[in-house]
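# Overview (structure and organization)
Next come the chains, spelled out residue by residue.
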Amino acid sequence: MTCVIERVEAVCFRVPVKVPVATSFGVMRDRPAVFVKLTAQDGVFGWGEIFANWPAAAAEHRAQLLVQDICDLVVGARVNKAGDLFDRLTEQTHIRALQSGEWGPFRQVIAGLDIALHDMFARRDGMSVARFLNKDAADAVPTYASGIAIGAAPELIARARAAGHDAFKVKIGFDGRRDLNALHTMAETLHAGEQLMADVNQAWSVDEALSYAAQIDAMGLGWLEEPVRADLPTADWAELAAGFKTPLAGGENIAGHTEFAAAISARHLSVVQPDIVKWGGLSGCASVARNVRDTGLRYCPHFLGGGIGLIASGHLLAAVGGDGMLEVDVNPNPLRDAFDAAEVKGSGLFAISEAPGLGVEHLPEELAQYQTLSLEARV
């Protein structure tokens, strides 16, 4: 069914936080989000989210990039299927991204638009995005608690456990030996049936990572995420995979069908984690996720942002299936928590709403106090 995009809106938000979210490579001192809305000439609309965590000024930049540098290719565009904008804009903006060197920002904006177009087409058909992608999509998906700072892990894991989670991912990569000692303590205090994972956020060298291998393997972690730089040569990742019994995970910093296909084929990663707001949206990441499953690897979507991106990630996991878990940040974030459909039930399951699209009609009114910018382009 053909429709014409009449209007594009981008809204930026920033929420001050009492406790900054620290990673090995930097600290988030507020929680940003960019939500994008596409509206067709017949009034049907769709919501998406654009990656905005890094750098610190990313949110407003992405919104400006969308409206000033990409919207001329979107407003007035005729689209026939949910993946049209992803394929078309990837090709049409190639030279713009090349000229500016801003590959990531262009990919992130296109990803957000792709999510919004899927929401629009699913809404038009009167079905959820999950059912739109797969009529046999699951009604709910399992989750794991993420964003857990190693220094506050006992308290945050206890809180996540009380909320129904039985799997937890801790951020390390700050001080190797101290982090691993604390992680070992966490592993020993798990309840029966619980699982622990660790995210190094690319902090270690290959030699450093391998020096920790025996200690990490003894903990029985579900996976070790990005122990080294994501862009290191294949040979380095092969050496890591050979040196660890613990499954290795990564994918949030991989972009492109060719790059994902190479990573999947190499099989150095046991857990593959594309992020729908960083690259690919639902179009690119659905293809990657199916390839991951077909290859016998584990698909676990990466996500750390606002409510719309989390909901969309859950719908994609429900559509693709498998034994993957949805990443749910445990740190307070009104830009996520204000969306009813982003709630995790007491059983630790993320329910997939049967409402049309992603189940988001409008942005929650309570977010208005955090708005920093609103832009639009229209016919």
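Quick note: structure is the one above.
No experiment lies behind these values; they were computed from the predicted model shown.

Reading the values: the criteria
- Residues numbered from 1 in each chain as written.
- Predicted model: local features only at pLDDT ≥ 70, side-chain atom pairs only at ≥ 80, totals over all residues.
- Heavy atoms only, no water.
- Phe/Tyr/Trp six-rings, centres within 6.5 Å; stacked < 30°, edge-to-face > 60°.
- Helix = DSSP H or I, 4+ residues; strand = E, 2+ residues; numbered from the N terminus.
- Buried < 20%, exposed > 50% of the residue type's maximum accessible area, 1.4 Å probe, protein only.
- Contact = heavy atoms within 4.5 Å.
- Salt bridge = Lys/Arg side-chain N within 4 Å of Asp/Glu carboxyl O.
- Pairing = 2+ DSSP bridges.

## Considerations on the packing of aromatic side chains
As enumerated under the stated definition, the model contains 7 aromatic pairs in all. With a centroid separation of 5.7 Å and an interplanar angle of 50°, the aromatic rings of Phe13 and Phe35 are classed as tilted. Taken as a pair, Phe13 in strand E1 (residues 3–23) and Phe35 in strand E2 (residues 26–40) lie far apart in primary sequence, 22 residues in all. Phe13 gets classed as buried once you look at its relative accessible area, which sits at 2%. Classification of Phe35 by relative accessible area gives buried; the value is 0%.

## Observations regarding the side chain of Asp329
Positionally, Asp329 belongs in strand E12 (residues 326–329). Each residue touching Asp329, except ones within four places of it in the same chain, is listed here: Arg31, Ser146, Gly147, Leu304 and Arg336.

## Examining the pattern of salt bridges
Throughout the structure, instances matching the rule amount to 23 salt bridges. The salt bridge partner of Lys135 is Asp136, with a shortest N-O separation of 3.3 Å. With respect to burial, Lys135 and Asp136 carry one shared label: exposed. A salt bridge links Asp323 to Arg298, with the nearest nitrogen and oxygen atoms 3.7 Å apart. Taken as a pair, Asp323 in the loop between helix H13 (307–320) and E12 and Arg298 in strand E11 (residues 298–299) lie far apart in primary sequence, 25 residues in all. Owing to a relative accessible area of 17%, Arg298 belongs among the buried residues under this scheme. Sharing partners across several salt bridges, the network here consists of Arg7, Glu9, Glu376 and Arg378.

## Section: the pairing of E12
Neither face of E12 is exposed, since Leu326 and Val328 on one face and Glu327 and Asp329 on the opposite face are all buried. Where strand E5 (residues 140–149) meets E12, 4 bridges bridge the pair, whose relative direction is parallel. Bridging across to E12, Ser146 finds its partner in Asp329.

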